[in-house]
Structure formats: structure tokens, C-alpha cells
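So you can see what is in the structure, the chains are spelled out below.
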Amino acid sequence: FIVKDSTDNDLSFLQKMAQADIDEGLYSRQLYVIDHDAMRRMGKADVLIAGMRGLGVEIAKNVILAGVRSVTIQDEGVVQWRDLSSQFYLKEADLGQNRALCSEKQLSSLNVYVRVSAWTNKLDEDFLSKFQVVVLTNSPLEEQLHVGAFCHSNNIKFIVADTRGLCGQLFCDFGESFEVRDTNGETPVSAMIAHISKDNPGIVTCTDEESHEFTDGMFVNFSEIQGMTELNSYGPIEIKVRGSYSFSICDTSNFSEYVKGGVVTEVKQSEILSFKPLNVALDEAIRDPGLVEMTDYGKTQRHLSLHLAFQALHRFTQKYSRAPHPRSQAGAEELVAITKELCKDAKFDELDEDAVRQLSLVASGDLAPVSAFIGGLAAQEVVKACSGKFTPLRQWLYFDALECLPQENDGVLSEDACAPVSYNRYDGQISVFGSAFQDKLKKQNYFLVGAGAIGCELLKNFALIGLGAGEGGNITVTDMDSIERSNLNRQFLFHSKDIGRLKSEVAAESVKEMNPYMNITAHQNRVCPETEEVYTHSFYSNLDGVAAALDNVDARVYLDQCCVRNKKPMLEGGTLGSKGHTLVVVPHLTESYGPSTSGGQKAIPICTLKNFPHRIEHTLQWARDQFEGLFKQTAENVNNFLSDPTFVDRTVARGDVEAVEILEGVYRILGEEWPQNWADCVSWARRQWETLYNNQIKQLLHCFPRDQVTSSGLPFWMGAKRCPDPLTFDTNNTTHMDFIVAAANLYGQIYGITGSRNRADIQSILQGIKVPEFTPKSSVKIAVTDQELKEENEERKEEDKVKLEMLKEKLSKLQLKDQSFRMHPQEFEKDDDSNFHMDYIVATSNLRAENYNIPTADRHKSKLIAGRIIPAIATTTAAIAGLMCLELYKLVQGHQKITSYRNAYINLATQYFVLSQPCVAPTYTVSDEATHLSPSNMLLHSCEMFSSNLRFIYNFIKINNAYGIYSKKLFYTLMED
């Protein structure tokens, strides 16, 4: 169900439609983080978010994008200048008006399926009882205690979120008994079985293809076991890991003897958690540090000190009706004194007084990056409360980024420097960093690469903090992609009316609305070697820094090389579902992003794909390869052949094996397989079906019969080798017809022939098609390993040379009636449900899975794997962008102590946070002088000093063996430059 346009009158109808099922077009990336069942539970939840300053609107934005049933925003206050520092939906024209009312319209536009309403009165118990989740932001402790007690006694999930300058606080109470249906959201672990012992306990040994991923305490189920079949029907069994390839289970001594085969799969277990009410958890956190989640393991005592300091802040505010004045030493000492009193009551004698003082000095501040981080975390807790997915926070979390403050040699900020400025939208930030720093932020020139999910969040933060928003300042944002509907679920700067427009242009327009003083330039270029004429040394020289919001490793590596070469700092961040990371690169101080060491996804052996698949990932990759080969690569080769007279010679130069494969495809598609009409396309699809799912399997079984044994006397078909079965075509089988319809239409498309979805007509055509009988050949050899395949290719060299000459002669004699004819290669597009691409992939893969008795995958899972989709959710994106912008504060100030910077890895599903100091840039000795250089900087320096002796440079660079391969590659690149 696609919403092209809507008015307020449409909302009730649309919301009813939403309840019927989930809009996969909109939520596609989020559904890979939160499954369909969890999404349906969320769709029944009504959420109240109280407080519409920066933190409140951040939480509301993320929760609305996630897709609950309704969100009510509450605020009794009016818009003030300082609100503009972090509240991205408030404008100067809103000053003096109610914050909730001013935010309602923009929040409503984020998700048509979520009902958004504003409430401007006080919170009373009748009103609170309407909601399943209540969130309080920036609220007084007295209100928190009252609302928290009511929610706990009425089984309403209760969340408190607060930010004070560079510090943040989060609390969760989900009641006496809260069921977590999936603690981590990870795909259940599975492995193939090599052997199971008859013993007490029984020992399960997995195939040695790769080590298993099971852990102690997991529960598993067994299937497809031959021999010890009792385990196939046994309930979930708890395991204990014994090694990388084995684990123990229950007593199997009385079971039948294990013969072969079997798959073991993790069974997710739900957990029941109990939460303490706020008044109890408030006091017990000091006595039970397990109630306080660590966000930075180097600040354990500081977290506990902040727990008391936040309480002291509430007392201070209650006494003076305000927070401590910015940079007020008197206020800081008073807050320390109040905190010490609380320490006595709590019997806590490890107070970090310096942290309390610093909190006091910045407590009146309101920073967009801190709101983004805490808001992302709080919104994820709302998602958990509504869905039962992931492990909730239990129960306190404290965060601080006090290392963002000026370093000692930068001088001490004064009260006057941080005092509010009349009619200034950055007051909340000036309170923390001072007016001089604000002026410096405005003059920054930054390059943002990527305007997707993280890019949108970064631009929001840039607008709020005023990056490049003054004379001489500018943000250049580049992204070559256009807006698609699936983007709207997390790229909140875009709306339905923007679909089809360029991301960079719309993003630039959106942030200009947030902050009209922004100077921003939109590009539509990919940052790569081909655009180095645009992004030259001169371009980088004018920059103060670069922010990377990219979705692939290769692009990050290239951008990192550009930054190292031009000595520019880089902020980098990425997400994968609920997981995220940040990296800050400071020239001559920290390690750079460096080379790609993982090589992307682990490659599947060719022989596994061709003949021995045993996982659905294998059949999906095979299906994707079929698509690329049949409907894209061959069509492209034909067009090159028709338009480039040198195509054949260039192809031959690639080697005989590859040349034969390519030229055979060209000749076949321009000759005997050229369809004249739609019926020919259907006939081709039917023959293709027979070849793939019957003939090739019969040939494989002829080469390796079911009772085949290896030279060791073991069954050939065991472990990772699943013995296949040929399929028999049946027009009444839905999957069989899915393949025919998709394959025939795609084949017609590459020739420009109009197809059809009419299955009755297609079945009628199929009745007249005669499929040739197939007889397996004894002369055919099938390689079992990739090494065997390589050896076979070597043996076929002479045969391939003969074939190649014949093909060259045949192609030279080809005569086309229409010399202008060109094919239409199909570029795989997973998100268009009308183009037959995913139809073909799903059917092709599942039929292959049926051949090998592999559990099939539905369209949703198939799209994830074959489309190589990166799961995404707005909560993680917001949190990561917030952390990146906290590092930006340090870069703009010019921090030179590495202890000031933080790289981060977080997992919001399990409350896992690692904020760590970056690695120091490698140190090398150049002319007896120790120099901090990254490998690429070292290359530049070496080239200048030893340009006459290139071999010496290369050997010198290999001092650090960890960079040897990377340096060699970069060495030659630099020497060419």
C-alpha cells in the first residue's frame, strides 16, 4: 500500500490500513532489525513523550519513524531562544509559542501511519493511563518520582531521559514482569553436523568448513539427522561448548547410532525481567553498581558520581529555580557540597569532585549532539518497551563528554564568555563553549560525503550547532543518489513529495529551513579517482575537515587516503542495524582508517555454488549470479560486440577460458536463442528450468551417485555435501510458475519484447512446448574443489583454443537484419516489486534449495541476502551522528591530546558501549628523527627524501609489517602520481 499524498482527512483511513499489515516498502530496512511480529506489537502501542526541547523532539522523531500506533507530545512551556540550539523543528518565528504545538506538524509528516497529537496541559493520572509507554525529558525529580510510581503500579513502561550540557542520563522501569522475546536480535546460529557420539553427555562435532558460533547456555534443535533420529524430535537442548567445532548436549547413550547428516539450529529463549521503581532504583544504584550501565569503562567512578550529581542538580534547581550559571565557580562549589551530602547518605566515598564541578559549569547548556545520542538511546528503549525485542536498559545509564571542554593550554572559560547573548539561537551551546568558539564554528569549511541516514543526522546537527553558518564558512555535501521510498523510514530530512529528487539537494534545502544562516553547497558526485578533477588538492586545502557518511568500506578507504594525503581530519561513522561505530582521524595524532583488511563478505567457493550448496545463502548467491549472467553481463557483452570492432580481440586477451565463456554467450544470444516473440521467451524459460533443476542435477548424480564413497571409504554425500534430487516441472506448482513468469519476462526485456503476467496464457503456451530428453554423459567431469576446477581449466587449454577460433569465425559471419539493434541489460534493483528482479531471485533460489533439501527463504529474507541490504534503524543512526559531532567539537578546538578523543562501538540491542581512545599514529624513524606518520604520509615523506632509490623506499616502508601489503599498493599509486 503506497501513500502518494495525504491530507489530514486521510489519516484515520491510512492508520486503519496500516493496522492490517506492515508497509514493507517503507519499513524494509528496519524490518531487518525489528522483525514483523515485533513491528506488529509496536503498531499497537501508544506513547507519551513529555518535554519538547531538543531531547524530547529527538526521541519523538525516532519513535515516530519506528512506527508505533500513536505519539502524544506534551509541553506546557513556550519557545525560547536557547531552544533553537537543539530543537530542530522550532524556528525564530515560533518564539513565545507553545513548544509542543509548534512541533506537531513537522513530527506528523514523518510517518503517515503514526497518529501524532500535542498536549499542552499538566500530566495527570487519567491522562497517563491512556499510554503503554511514558517518557519524561528534562523534568524535575519530583515529577519523575510521582509519574514513575503511577506507571510502575499500573504496568506502564516508564523512561526518564535528561541532558545537562555535555552530560546525559537515562532510566528505565518496565515493571515487575517484562518479557523479552529476543535478547539480541541476531539471526539464530546454525551449523552442519559431522558426527554425534553415543555418550553422556553426547558430543556433537560440526563440519570443519568453519568454526561454529554457539556459546554456552544456548538452546538448540536438531533436524535432518540420519541414524540418531531421536534428536530430530527432541525439544530444545541446552549446550556447553567444548571447542571451535564441538559442543556437548544431553545423554545420547540410549539413542540410535548416528549415521550422517543433520543441522543444528539455535532456538531463541525469552526472558522475564523485573525492574525496580524509580524511588527504589534511585537509592540502590550506589549500593548495586550493576544497576548503572557503563558507557565508558574508563569512567566507572564518574558514572556513579554523576548519579548523585544529577540528584544534586535537582536540589539546586528546586532551591534557585534555575541551573547553575554557566562557568560559575560559586555554583560549582555549591553543587559539590550538595553532592557530598548525598554521598554521606549513600555511604559513597569515591566521589569524583572534578566531574561534579564540570557538570555544574556546563549544566545550563543544551547541546544538539548530546541530545542526539541520548535521544537515540531513549527511543530505542521505547522500541524495546513496545515490541519486547532486545534487552532493555537495567536501569540507569550515564554519559558524559566532558573531554570536549577546552584543554588546559587553551585557557579557562569565563562566566562572561559563556553568558547568554541577546537574541542568539546558539545560547545553549555558548553556555558550554563560549562565544569565541561559536564564531570559530561558523567559519568552518567541511566536506560531508553522503546524504543518506547518517548524512541527514549529521546535517541536522551541523545546522543546530552552526557549523559553517557564518561569513567564510560552508558545508559541501555530495551524494549521487536519488530519494527512494525506503529511505523515508530513517532519512528524516526527506518526505514522500521528495521521492525521485537528488538527496544532496533536498538535504541542503531541509537544513536551510532549520537554520536559515547555513551556507551549504550540494554536489551529486561520487568521491572516487574519477572525480579527482573536481575534488582536487586545492579543494581539500580549503577544508577544515571531512565527515564520511558512507555505506561501504572501499569508499571509506579511498576518502581516508584523500584526507591523509591532504592532512585533513576525518570523522567517520557507520551502522548495521542496532550496531554502530565512530572513528576520528587526526593528522599526525591518531591512526587513520587504513586499508580494507576484511575484503568484504567471505567469498563462497565456486564449486559450492555450482554443485554443493548447503545453505540458503549459497542458493541466493547462485540465483544472483544467474541473474547477472543471463540478463545483464551477456546483454552488455552483446552490445559491446555490436558497437566495438575491437571487442573480440580484447576479450581474447583476457584468457582462453574466460574468452570462450563470453563469446559463446554472445553467439548463443544473437543466434539460436534469439526469441522472435513472447512465446519464444516462455519456451526459453521452460528449457532453462529443465536445465537448471533437472538435467544438471541428473548429471551431478551420474558423476557422484548417492552411494559414492571417497578414497577414505567415507560416504561422498555427507557433512557439507547435500545429496540433491532432480525436480519434475509442474504447472500447478506456484514456485515453478513463478520462475517461468519472471524468467520469460526478463528474457523478453533484454530483447525489447513485451511480456505478460497472465499465468493462464503462459500455461497455455507451456502445453505446446516439447522439452528434449536428457541423458547424462559419462565424459563429463565435475570438480569437487576450486583447486580441481583450476586444474581442469589448465587441462582444457588446447580444447579452449580450438573453440575460440571456431567462435571467432562464427561471430565474424553473423549478419543482423537490423544493424541498429541493441540489447537492454537489466541492472538489478531489489526495491522495485514490478520489475521481476526479486521474483526471479526468490523462485530461482528456492527451487535450487528444493533440489538440495535446504529450507527455503521468503521474499523478505531473500531480498536481505541477495540485495546485500544493510539493516538500519533511525535510533542507531541518531546516536552515532551525535557521537561524531562530539568529536567535531574537539577537532574545531584543535585538541592535541589523544586522550581527549574517542572512537566508539555501540550495540543498542544489548546495551553494549565501548568508547575508547584512538590508536596512536605509527611512529617511524626518518633521518634519525622520530616522526608520527600514517603509512601513506610516510610514503609521501619518503618519496621526497629518497626519490632516487625507489627500492629503498619500499623496503623502508615495510618496517611495520602490519602495513606491508597496503604500503606496497599505495607506494606504486603515489609513484605514478
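Every chain's residues receive numbers from 1 upward, in the order its sequence appears when written. Restriction of local features to residues with pLDDT of at least 70 applies here, the model being predicted, together with a cutoff of 80 or more for giving and counting side-chain atom pairs; totals for whole chains, interfaces and linings are based on all residues. As a rule here, side-chain values cover all heavy atoms of the structure and leave hydrogens and water aside.

As recorded in an unreviewed UniProt entry, the chain goes by the name E1 ubiquitin-activating enzyme, listed as coming from Cyprinus carpio. UniProt positions are given in the numbering used here, feature names are shortened, and annotations may be inferred rather than shown by experiment. Taken directly from UniProt, the Sequence similarities (unreviewed entry) text for the chain runs: "Belongs to the ubiquitin-activating E1 family." Database annotation for the chain, UniProt heading Catalytic activity (unreviewed entry): "ATP + ubiquitin + [E1 ubiquitin-activating enzyme]-L-cysteine = AMP + diphosphate + S-ubiquitinyl-[E1 ubiquitin-activating enzyme]-L-cysteine."

Counting 172 residues, the largest nonpolar core has Leu 107, Val 134, Leu 166, Trp 396, Leu 458, Leu 459 and Phe 462 as its most contacted members. Considering each element in turn, this core owes the most residues, twelve residues, to helix H30 (residues 874-893). Only heavy atoms matter for contacts: two residues are in contact if any of them lie within 4.5 Å across the pair. Once residues lying within four places of it in the same chain are set aside, the contact partners of Phe 462 are Leu 448, Leu 467, Ile 475, Met 518, Ala 547, Cys 885 and Leu 888. Ranked by size, the runner-up nonpolar core spans 73 residues in total, among them Tyr 747, Phe 821, Phe 828 and Ala 849. To qualify as a nonpolar core, a set must consist of buried Ala, Val, Leu, Ile, Met, Phe, Trp, Tyr and Cys residues joined through side-chain atoms within 4.5 Å. Relative accessibility thresholds used throughout: buried, under 20% of the residue-type maximum; exposed, over 50%; partly exposed, between the two (1.4 Å probe, protein chains only). Working definition: helices are DSSP H or I runs of at least four residues, strands are E runs of at least two. Numbering for both runs from the N terminus.

Spatial ordering of the open sheet is given by E11-E10-E14-E8-E9-E13-E12, a layout of seven strands whose pairing is antiparallel. Single-partner strands in this sheet number two, and they are strand E11 (237-238) and strand E12 (240-243). A pair of strands is treated as paired once DSSP finds two or more bridges between them. With three bridges connecting them, strand E8 (residues 190-196) and strand E14 (residues 263-266) associate as antiparallel partners. Paired with Ser 190 across the strands is Thr 265, a residue of E14.

Only the stretch in contact is used when fitting a helix axis, every axis being a line fitted to C-alpha atoms; angles between N-to-C directions are given from 0 to 180 degrees. At a minimum axis distance of 10 Å, the contact between helix H20 (residues 616-643) and helix H29 (residues 859-866) shows a crossing angle of 70°. Our classification of the angle between H20 and H29 gives roughly perpendicular. As H20 runs across H29, the sense of the crossing is right-handed. Along its contact with H20, which presents Ile 616, Glu 617, Leu 620 and Arg 624, the element H29 presents Lys 861, Ser 862, Ile 865 and Ala 866. Residues are grouped as follows: nonpolar covers Ala, Val, Leu, Ile, Met, Phe, Trp, Tyr, Cys and Pro; charged covers Asp, Glu, Lys and Arg; every other residue, Gly included, is treated as polar. Taken together, the residues that form the contact of H20 with H29 break down as four nonpolar, one polar and three charged. Geometric relationships in this document are graded by angle, where less than 35 degrees denotes roughly parallel, more than 145 denotes roughly antiparallel, 65 to 115 denotes roughly perpendicular, and other angles denote oblique. A crossing counts as left-handed when the near helix is turned anticlockwise from the far one by less than a right angle, and as right-handed when that turn is clockwise.

Let us look at the UniProt feature "domain: Ubiquitin-activating enzyme E1 FCCH" (unreviewed entry) in the chain. In the numbering used here, UniProt assigns the "domain: Ubiquitin-activating enzyme E1 FCCH" (unreviewed entry) feature to residues 199-268. When the span residues 199-268 is considered, its composition is 0% helix and 31% strand, and the gap between its end C-alpha atoms is 26 Å.

For the rest of this paragraph, the subject is empty space enclosed by the protein. In this approach a probe as big as a water molecule rolls over the atoms, and the regions it shows empty are the leftover space. Of the two site types, the cavity is a set of points on a 1 Å grid over the protein atoms alone where a 1.4 Å probe fits but cannot get out, and the pocket is an open set with protein on both sides within 12 Å along at least five of seven lines, each lined by residues with an atom within 4 Å of a point. Grid points are joined across faces, edges and corners, and a volume is the space filled by probe spheres set on the points. Inspection of every chain in the model, using the stated rule, returns three cavities of 30 Å³ or more. Reported here for the second largest cavity is a volume of approximately 70 Å³. Residue lining of the second largest cavity: 14 residues in total, with Leu 883, Leu 886, Glu 887, Arg 902 and Leu 915 positioned closest to the centre. Contributions of two or more residues to the lining of the second largest cavity are made by strand E17 (396-400), H30 and strand E24 (903-907). For the lining of the second largest cavity, the leading source of residues is H30, giving four residues. Class assignment for the residues of the lining of the second largest cavity results in seven nonpolar, two polar and five charged.

Quick look at the state of the cysteines now. Any two cysteine sulfur atoms lying within 2.5 Å of each other are counted as a disulfide. According to the stated counting rule, one finds zero disulfides in the structure shown. Free of any disulfide, Cys 528 has its nearest neighbouring cysteine sulfur in Cys 562, separated by 9.4 Å. When its relative accessible area of 13% is taken as the criterion, Cys 528 is described as buried. Of all cysteine sulfurs in the structure, the one in Cys 404 sits closest to Cys 885, which takes part in no disulfide; the separation is 11 Å.

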